[in-house]
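If you want the building blocks of each chain, they are given just below.
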Amino acid sequence: MANKVQTTAKDALSGLLFDGMTIMAGGFGLCGIPENLIAAIRDTGVKDLTVVSNNCGVDDFGLGVLLAGGQIRKMISSYVGENKLFAELYLSGKLELEFNPQGTLAERIRAGGAGIPAFFTRTGVGTLVADGKEVRVFDGEEYVMERGLVADLSIVKAWKGDAEGNLVYRKTARNFNPMMATAGKVTVAEVEELVEVGSIDPDHIHTPGIYVDRILKGPRFEKRIEQLTVRTRETEGAAAGEEV
């Protein structure tokens, strides 16, 4: 078995990047994003990228750093709101955007990983989402055809992994990562904990190692919060305005 474990993010991406490629990046907002691999992609200067991701990070973190460097040509996403630069580039015509309902985006990625070239869904029928797409009637209802998505490279982030590439995600960080791991021609994973082979209960594995080509233990994770809301809570017996 080939050694999948890499020492650095730079090593993990060696020989995989080229201008004009399509990259899938897992996570939801800033949760569960492969932040070390994203930084390494930035450092290579690769450009004209098509990036498939739920959103595009924030202005100075996550995929936002690739936007700031002018490395992304097109985004395939479902949410724009947290990144002002994303909106500015799109509205000025400097960034292409293929906008998807969130569930449709997840299913397009899952379908691509499962070898399904297209599927039909009711989501988006009669809206701009369906413009230019085939619409068919099933059982008296209209459905729009959506294409499955695949990528030249998928970068994912997991909580725990082993040398064979078996991965375990935690909570919200599981969003988009498992299906993207299956939909890349090559998949690179970064993990918080790299453990011995056999130490993960097979029933707890979310992504089997057969889908993962390279794996590294991330040197550090900032785990930023997009929006922090702090308010005073009241409980029974507490005085009004007293922080609990």
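Predicted model only: the values in this text are computed from it and were never measured.

### Re the packing of aromatic side chains
In step 1: This model, assessed by the stated rule, comprises 2 aromatic pairs.
In step 2: Residues Phe138 and Tyr143 carry aromatic rings whose centres are separated by 5.5 Å and whose planes lie at 85° to one another, so their mutual orientation is edge-to-face.
In step 3: By relative accessible area, which is 33% here, Phe138 ends up partly exposed.
In step 4: Grouping aromatic residues by their ring pairs yields a cluster made of Phe120, Phe138 and Tyr143.
In step 5: Over the ring of Phe221 we find Lys157, and its NZ or CZ is 4.8 Å from the ring centre.
In step 6: The ring of Trp159 is capped by Arg170, whose NZ or CZ atom sits 5.7 Å from the centre of that ring.

### Section: the environment of Asp11
In step 1: Relative to the helices and strands, Asp11 resides in helix 1 (residues 9–13).
In step 2: Residues Asp11 and Glu222, 211 residues apart in the sequence, show an inter-C-alpha distance of 21 Å.
In step 3: With near-sequence residues (within four places) excluded, Asp11 lies in contact with Gln6 and Arg214.

### With respect to the sheet that holds strand 8 (residues 141–147)
In step 1: Pairing within the open sheet is antiparallel, and its 3 strands lie in the order 6-8-7. A strand with exactly one partner marks an edge of an open sheet, and here the two such strands are strand 6 (118–121) and strand 7 (135–138). Averaged over all pairs of adjacent strands, the angle between their axes in this sheet comes to 40°, without regard to strand direction.
In step 2: Note: strand 7 against strand 8, 4 bridges, orientation antiparallel. Bridge pairing in strand 8 places Phe138 opposite Glu141.
In step 3: Packed onto the sheet, helix 5 (residues 102–113) meets strand 6 and strand 8 and runs at close to 155° relative to strand 6.

### Quick word on helix 5
Structurally, the α-helix is built with 3.6 residues per turn, so residues lying three or four positions apart point the same way.
In step 1: The terminal C-alpha atoms of helix 5, which comprises 12 residues, lie 17 Å apart, in line with the 16 Å expected from a rise of 1.5 Å per residue.
In step 2: Those residues of helix 5 lying buried are Thr104, Leu105, Ala106, Arg108, Ile109, Ala111 and Gly112.
In step 3: Following helix 5 by one or two positions, Gly115 has its phi on the positive side, about 80°.

Conventions and cut-offs
The numbering scheme is per chain: residues are counted from 1 as the chain's sequence reads. Two thresholds apply to this predicted model, a pLDDT of at least 70 for residue-level local features and 80 or more for giving and counting side-chain atom pairs, whereas whole-chain, interface and lining totals are computed over all residues. Processing note: side-chain calculations cover all non-hydrogen atoms of the structure and skip hydrogens and water entirely. Planes of paired rings set the category: under 30 degrees apart is stacked, over 60 is edge-to-face and the rest tilted, where pairs are Phe, Tyr or Trp rings (Trp by its six-membered ring) whose centres lie within 6.5 Å. Residue burial is assigned from relative accessible area. The probe radius is 1.4 Å, only protein chains are included, and a residue is buried under 20% of its type maximum, exposed over 50%, and partly exposed in between. Note on criteria: charge over ring means Lys NZ or Arg CZ within 6 Å of the ring centre, with the direction from the centre no more than 35 degrees off the ring normal. Secondary structure follows DSSP: runs of H or I at least 4 residues long count as helices, runs of E at least 2 residues long count as strands, and numbering of each begins at the N terminus. Here, two residues are considered to be in contact whenever any of their heavy atoms come within 4.5 Å of each other. Only when DSSP finds a minimum of two bridges between them are two strands counted as paired. Axes, fitted as lines to C-alpha atoms, cover a helix only where it is in contact. Angles between the N-to-C directions of the axes lie from 0 to 180 degrees. Each helix should span, by expectation, one fewer than its residue count multiplied by 1.5 Å.

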